[in-house]
Amino acid sequence: MKLQVITQKKLQKLTFLFLLVFAFGNINAQQNTWKIDPSHSKINFGISYFKIGEIKGVFDTYKGTFISNDEDFNNATVNITIETASVNTNQPARDKHLKTKDFFDAETYPKITFISTSMSKISEKEYNIKGNFTMTGITKPIELKAIYKGKFLHPRFKKTVAIFKIIGAIAREDFKVGTNYPPAKLALSNKVLLDAEIHLTKQ
């Protein structure tokens, strides 16, 4: 009889521990999805022109998400898709040329994508984001720096907004952008600087 009481107590204890672990695991497993707000975000780029000038531009149409398991975005997953034909350098003739096979070949490759493989916190406000960048059908690993600028509760929509500044660089020739247009070799730098401000709305 005594053995039976001890067994029941042990069983109750094990059951309690199991439920506690299960509940804790569920809390940790909850994911936070943050959606890019294109009405407030900007994806900018710049490239050296004849070594002394600079051409700047933006991509006007894009979407993306950051999915995190905690509030500070450490180990978050980043997924961004850009419409290639939305390239805008504020010069219509140049933008039309950029969409051709001489550069982005937007008709054949309508999307530019970035899918992260890691997002690591390196200081209170800085993260390294590594991932696969695809442009003109070519995929290469790149590394970006993300600076966390803070977050706030939007007074109108009652949703939390987080803001990041993201900077980095890509080698356009790795993606064959401009390599079919010989004057680009003389006029344009191989390095394209990326400078984005990303506003994320918590879903």
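Residues numbered from 1 in each chain as written. Predicted model: local features only at pLDDT ≥ 70, side-chain atom pairs only at ≥ 80, totals over all residues. Heavy atoms only, no water.

A. Representation of the confidence of the model for the protein in the model. Scored by pLDDT, the protein has a mean of 90; 86% of the residues are at 70 or more. Across residues 1-6, confidence stays below pLDDT 50; counting only partners more than four residues off in sequence or on other chains, it has 0 contacts. Note on residues 14-28: pLDDT under 50 across the span, and 1 contact to partners over four residues away in sequence or across chains. (pLDDT = per-residue confidence, 0-100. Contact = heavy atoms within 4.5 Å.)

B. Geometry of unusual backbone geometry. One non-glycine residue, Phe-50, lies in the positive phi region at around 50°. Along the chain, the position of Phe-50 falls in the loop between strand S2 (42-49) and strand S3 (53-59). (Helix = DSSP H or I, 4+ residues; strand = E, 2+ residues; numbered from the N terminus.)

C. Main features of the environment of Ala-169. Position of Ala-169 relative to the elements: it lies in strand S10 (residues 160-171). In this structure Ala-169 touches Lys-191, Val-192 and Leu-193, once residues within four positions along its chain are discounted.

D. Up close: the pattern of salt bridges. For the coordinates displayed, the defined rule picks out 7 salt bridges. Taking the shortest distance from any N to any O, the salt bridge between Asp-72 and Lys-121 comes out at 3.4 Å. Linking Asp-72 in the loop between strand S4 (62-68) and strand S5 (77-83) with Lys-121 in strand S7 (residues 111-121), this pair joins segments that are 49 residues apart in sequence. With relative accessibility at 29%, the residue Asp-72 sits in the partly exposed group. Between Lys-111 and Glu-83 there is a salt bridge, and its shortest N-O distance comes to 2.4 Å. Taken together, the residues span a long stretch of sequence, with Lys-111 in strand S7 and Glu-83 in strand S5 at a distance of 28 residues. Classification of Lys-111 by relative accessible area gives partly exposed; the value is 40%. Residue Glu-83 is classed as partly exposed on the basis of its relative accessible area, which comes to 28%. (Salt bridge = Lys/Arg side-chain N within 4 Å of Asp/Glu carboxyl O. Buried < 20%, exposed > 50% of the residue type's maximum accessible area, 1.4 Å probe, protein only.)

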